[in-house]
Each structure stands twice: as structure tokens, then as C-alpha cells.
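Observations on the model geometry
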Amino acid sequence: MKIGIIGSGYVGLVTGACFAELGHDVLCMDDNDEKIAILKAGQVPIYEPGLDELIHANVEEGRLVFTSSMKDTVQKSEILFVCVGTPSKPDGEADLSAVETVGKRIGEDLNDEKLIVEKSTVPARTARWLGEIIQSKNKKRIPFEIAVNPEFLSEGTAIHDFMHPDRIVLGVSSQQAASHLVSLYEPLNSPILVTDIESAELIKHASNAFLAMKISYINAVAQICEKTGADILKVAKGIGLDSRIGTAFLNAGIGYGGACFPKDLAAFVHLAEEYGYDFKLLKSVAEINLNQRKAPVQKLKEIFGDLTRKTIGILGASFKPNTDDLREAPSLEVIQILLQEKAEIKVYDPAAMENMKKLFPTLYYARDPYDCSSGCDALLLLTEWQAFKHLNLLKIKKSMRQPVLIDGRNLFDPSRMSRLGYQYYGIGRPSPSLAETSSQKTLSS
Ligand code: UDX
């Protein structure tokens, strides 16, 4: 099929490259000429493992073409996927201005029957609104249909997530649209759920909000573990073995970030309020998450009191491993608080350094983790990059002014860190003396 992707960002590029890989002819469009020029020059403007190779292979085969022409994309495609950004407004409402602009342009450029698929994460009832916008500019009364196909791609595993989805959700209002889209996704051999349009839009919000809720729940339990001497890793394992709960998304830490969870949660709360429902549960999920980001600095203040001129090393800045994406990363808030406390900050991240320099030009950007830890009064691990798991922790400790390490992602084992001579703090982990005592008790009983 001839597919047009409108918006070549994280979702659009992965979706376009994967559809090309499945054998379709894909036009990936973006109104950012610089981004299209980079893509045409054979570079990929986002850090997503495997995306470079997938794009190059399909451009080579002539199945994937980049353009800044909306007209070409609309007129040469049978199916259009709208993948533009829907960032949060200050009050949490999703900003649909990009979707509106695209809708008007599609209406103006329609040349023959089209299926227009909303893939961007949008509040329920947006698809109907998009259809009205398109129709308002559709002077030639060309027939078209709107459908909804939310994405469930996680950054860092987006290609795998596209090719091996848990489910495909299709919100349609006709059998013809259903069969078109089912035929697109059938080769993936995954469950395909065909629903009405509003349900498909809500499934996306409800899914992300539920995952964020799991994270805030386990982080709240971690707070109680710290007070009772329990170990959140054991508690999470114990509850996750219940198949109704499951083990995923129960990793306690400094909380969730990224371009989706915070935004989708805020949009869902705002959407609920628009329809007269006060979504208190999700407000608490967001509040717990924001408080979790303050935990590492509160711990530092308990240890050092005044942080003025204390040198703090930050290991990991991206919102999760295997991405350079800093959007809503917990590290940004931690750094802002540390700057307010007049601490000196050194940063190392395997992929996000260039993006960090744009946000915080005055910080010290280390060559590697050992350059980062050198001379520090404390280290904060904020992203659980696999590379950090294999650090020479003795070398790190010797390079520091004081062996204080706050592990915001519970990457390390408290007992091992204690044996290495660190003053180690995890999230929801017992302090090493407590952990050792409890294991001795088990042995003796
Ligand atoms: C998420 C959803 O997983 C995906 O389905 C949706 O399409 C987009 O939003 P993403 O934001 O890319 O994907 O990353 P994800 O792996 O979900 O992690 C989100 C945040 O939650 C990260 O900051 C991560 O560190 C945090 N997280 C995740 C936890 O704190 N604990 C966990 O157990 C899991």
C-alpha cells in the first residue's frame, strides 16, 4: 500500500520505517525542513537503537522517501498516519494545534478517497473533531474516513514494540476502514482489537495512566519500606508473582519521566475534568512521582546539611536507558534543585550529553563515569544504564572526596556497596547494617 506519515518524530519515523520494512511504499513527511534535510542526507535525528539501519535499508530499496511536501504526501498516499506531537499546555490539556494544522492541510490537498489514521496520542473525541476540520477545507467534497490507531512504542525498544506488539488497537467507523487496517497489521501476527473510535482513543490514555500508576504505587510502597526496614525489591517480587499484578513496571526509583507518561496523565486528568469527573487517583499518581524526584536531594541534605559548594556527580541524565531523550527526565528537576542549593554539579550520560549541554550549559560534562566521580562529595545515579552496572566501584570510590552514593534506580546491591566502603542509599532498600542483620536472623532461625 502507499502510506503517508505526517510528522517524522519518534513515532512517525519508527512507524514509517517499519511499514516500509513490511513492504509498503512510505512517504515520511515533516514540516521541519532541517529535519528532512538531515534524513535525506542519510542521518537519523533521534537516538533509537536499530532505526538507522532500518531506515537506510528501506531508503536503499526505494520504499522509504522523505519529503517536506504535505501535498505530495496527501496526494500520493492511500492511507495517511497523523503522527504529530501533542505536547501539554500549562494546565495539562493536550495541545492539538499541530493536529489542527495538519487537518486543514489534508482537507485542502485531498485529491481522491483517503483513510486518515490518528496515531498521535490525543484525548477522546479528537478524531471526530479532526474529521470536521478536514471537511471544513474539503472544497471538492472528496470522500475520506478517519480512524484511530494508538501507538504503544517505548523509547529504546520502539522497533521491537512495533514489530512484536502485545496488541493492535483499531478505532474505526466502517468495515472498509477495518479491513484496510487489519490487512496492514495482519503480518505481525498479534491480537488485533477493532473498536469504535472513542474507545480506541481512551485505551491509549488508560494504558499509559495504568502503567504510571503501577510505578507510583511501588514508589509509595518504597517509602514505607524505608521506614520499616523492608526491601522494596523483595516486596515488588512478592507482589509481582501474582499473575493478576505481574512483575513489569514495579521498579522503584526516582520515578517516571519521558514524553508520554507525564503528558498523557495530565491530558487524561484534564479530559476527565472537561467531562465533570475529578480523577483524584491520577492526580495522586502524578504527585507521588514529583515527590520521588526530590528524594535524592533530601537525602543529600540529611547527610551534608548545607549543599553550598558541595560537588555532586550525576551518573545518567536521560529519562531511561538506551535513549538520549531528556523530556521530563527526573534528572532535570534534581539538577535544578541542586543548583538552587548552590552545589557544584558534574554530569555523565552515555547518550544525552549534547542534549544536556543545551539545557544546562554551565555544568561540568565529564569524559566518562570516573572523570565524573573524581573529587565528588557524593554521586547520584539517576539512569540505570547497563554500562554503569560494570563500573570499577573501588576506583570510583577512591576518586571521590567522600564515598556517598545515592542510587536512584536501585542498580546496585546495598550489601556489596557497604562491603566496598560506600555510604550507600537506594530507594526503598534497607540500610546495609539492617540488611545484614535480617539475613543473619534468617540463617540462625
Ligand atoms: C511509555 C509506554 O511504555 C509506551 O507504551 C507508550 O507508548 C509511551 O510511553 P516510554 O515513555 O518510552 O514508553 O518508556 P517506559 O519504558 O514506559 O518508561 C517510562 C518511564 O517510567 C521512564 O522514566 C522509566 O525510568 C520509568 N519506569 C519504568 C520506572 O520508574 N519504573 C518501572 O518499573 C518502569
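Residues numbered from 1 in each chain as written. Predicted model: local features only at pLDDT ≥ 70, side-chain atom pairs only at ≥ 80, totals over all residues. Heavy atoms only, no water.

What follows deals with the pairing of strand β4 (residues 79-82). Burial of β4 is two-sided: the residues I79 and F81 facing one way and the residues L80 and V82 facing the other way are all buried. Here β4 runs beside strand β5 (residues 114-118); their pairing, made up of four bridges, is parallel. Counterpart to L80 in the pairing with β5 is I116. For the segment spanning β4, helix α5 (residues 97-109) and β5, crossover handedness is right-handed. (Buried < 20%, exposed > 50% of the residue type's maximum accessible area, 1.4 Å probe, protein only. Helix = DSSP H or I, 4+ residues; strand = E, 2+ residues; numbered from the N terminus. Pairing = 2+ DSSP bridges. Right-handed = clockwise from strand over helix to strand, strands pointing away.)

Another point: the pairing of strand β12 (residues 378-381). Burial along β12 is two-sided: A378 and L380 and L379 and L381, pointing in opposite directions, are all buried. Bridge analysis of strand β9 (residues 311-315) against β12 gives four bridges, and the strand direction is parallel. The partner of G313 across the bridge, within β12, is L379. Bridge count for β12 against strand β13 (residues 404-407) is three bridges, and the pairing is parallel. Counted as the bridge partner of L380 is I406 from β13.

This brings us to helix α8 (residues 175-185). Residues three or four positions apart in an α-helix share a direction because the helix packs 3.6 residues into each turn. Buried within α8 are the following residues: A177, A178, L181, V182, L184 and Y185. Each buried residue of α8 lies within a common arc of 155° when the element is viewed along its axis, so the set occupies one face. (Arc of directions from axis to C-beta.)

Under the counting rule described, the total for this entry stands at 27 salt bridges. A salt bridge links E100 to K104, with the shortest nitrogen-to-oxygen separation between them at 3.7 Å. Residue E100 and its partner K104 are both found in helix α5; the two are separated by four residues, about one turn of the helix. In this structure E100 comes out as partly exposed when scored by relative accessible area, which is 30%. In this structure, the salt-bridge partner of D325 is R327, at a minimum N-O distance of 2.7 Å. Owing to a relative accessible area of 38%, R327 belongs among the partly exposed residues under this scheme. Through salt bridges with shared partners, one network takes in E273, D278, K280 and K283. (Salt bridge = Lys/Arg side-chain N within 4 Å of Asp/Glu carboxyl O.)

Contacts to the ligand come from 19 residues, most closely from S154, E155, K204, G257 and F319. One of the backbone N or O atoms of L250 is found 3.4 Å from an oxygen atom in the ligand. One of the backbone nitrogen or oxygen atoms of N251 is found 2.9 Å away from an oxygen atom of the ligand. Relative to its unbound accessible surface of 650 Å², the ligand loses 92% to contact with the protein. The element that contributes the greatest number of residues to the shell around the ligand is helix α9 (residues 197-228), accounting for three residues. The residue inventory of the shell around the ligand, partitioned by class, reads nine nonpolar, five polar and five charged. (Near = heavy atom within 4 Å. Polar contact = N/O pair within 3.5 Å; in protein donor to acceptor, adjacent residues only side chain to side chain. Areas by Shrake-Rupley, 256 points an atom, 1.4 Å probe, with all protein chains shown as cover. Nonpolar A, V, L, I, M, F, W, Y, C, P; charged D, E, K, R; others polar.)

Turning to the domain arrangement of the protein chain, a few remarks are in order. With domains assigned, the protein chain is organised as domain 1 (2-195), domain 2 (204-291) and domain 3 (293-437). Distance between the C-alpha centres of domain 2 and domain 3: 23 Å. Between domain 2 and domain 3, the contact holds 20 residues from the first and 21 residues from the second. For the pair domain 2 and domain 3, the summed buried surface comes to about 1,700 Å²; carbon and sulfur atoms form 53% of the total. Three residues stand out in domain 2 for area buried against domain 3, namely E226, I254 and L290, and they jointly supply 34% of the buried area on that side. (Domains from an automatic or database assignment. Contact = heavy atoms within 4.5 Å. Buried area = accessible area lost by both parts, 1.4 Å probe.)

This part takes up helix α10 (residues 232-240). For α10, the full list of buried residues reads I232, A236 and G240. Summarising the axial view, the buried residues of α10 lie within an arc of 65°, below the 170-degree limit, and thus occupy one face. Exposed and oriented more than 90 degrees from the buried face of α10 are K234 and K237. Here the buried face of α10 lies against α9.

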